[in-house]
Amino acid sequence: DDGDSCCGDEDKANEDKDGCAESEGCCGGDGGTCCASETNIIDEDAVFDLDTMLFYAGSAEQGSEHVLASTIVQYAKANTTRSLVSPDDFKNVVGRGVTSMVAGARVAVGNLVHMQEAHVTVRPALVTKVTSLERDGHIVSIVSVRGVPRGLICMQDVVRPESRRVVDHLQNKGMQVMILTGDHVHSALRVAHAVGIPPGHVYASLTPAQKVEH
């Protein structure tokens, strides 16, 4: 698992469209045991509609076993009129995102670093929007199709009511509770604040190997 755990875890066009879905179970921002997952879809291109964007994103993510990918796939299946297809030439870049061929188109889904590494040009307006969303504690993936950013998939951890109580219980027993996550630091700090974990015990933007080191 390369997810979170609590341990003793793109010319902005004419309009935005939102939708949300909750995924129950062990499904924090990166697969955490303390949080459920809420997904918001923001379409950045009124010509390239939301339905089409979700088809490409959901199909591309079907090649991944990551919990975030599973959340995206589930949302896409529930909110697109098109049947998802199996991706070809799939590549998962740990801590960055995925690339694959979907219906003859090269698709990349992931963070800003992943877009840069995939040679996708992200305009300043979208960079600003992604940065703002991340500061607000969201986990943001850009969806690029044929080298052009077509939308954002924005997820936010929803802390379960019992999480604070569990953390308090462990801390009262003298245990140090930490968050080790591949998520952006602002997302991790928001969850940490909600459950009573000190900022100094939050380690964000980690790769799976870095989590092991900690």
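Check the entry above for the structure.
Residues numbered from 1 in each chain as written. Predicted model: local features only at pLDDT ≥ 70, side-chain atom pairs only at ≥ 80, totals over all residues. Heavy atoms only, no water.

A. How the structure looks around the pairing of strand E5 (residues 97-102). Counted residue by residue, E5 has 5 buried out of 6 residues, so it is predominantly covered. Alignment of strand E4 (residues 88-93) against E5, held across 4 bridges, turns out to be antiparallel. From the neighbouring strand, asparagine 92 faces E5, where its bridge partner is valine 98. Hairpin remark: E4 followed by E5, antiparallel, with 3 residues in the connecting loop; positive phi at glycine 95, about 80°. Counted between consecutive antiparallel strands, the loop separating E5 from strand E6 (residues 105-110) contains 2 residues, among which alanine 103 sits at a positive phi close to 50°. (Buried < 20%, exposed > 50% of the residue type's maximum accessible area, 1.4 Å probe, protein only. Helix = DSSP H or I, 4+ residues; strand = E, 2+ residues; numbered from the N terminus. Pairing = 2+ DSSP bridges.)

B. Inspection of the side chain of glutamate 134 at higher detail. Along the chain, glutamate 134 turns up in helix H4 (residues 124-135). At 8.0 Å, arginine 135 is the nearest oppositely charged side chain to glutamate 134, a buried residue that forms no salt bridge. Discounting residues that sit within four places of it in the chain, glutamate 134 has contacts with Val140, His184, His186 and Ser187. (Lys, Arg positive; Asp, Glu negative; His and termini not counted. Salt bridge = Lys/Arg side-chain N within 4 Å of Asp/Glu carboxyl O. Contact = heavy atoms within 4.5 Å.)

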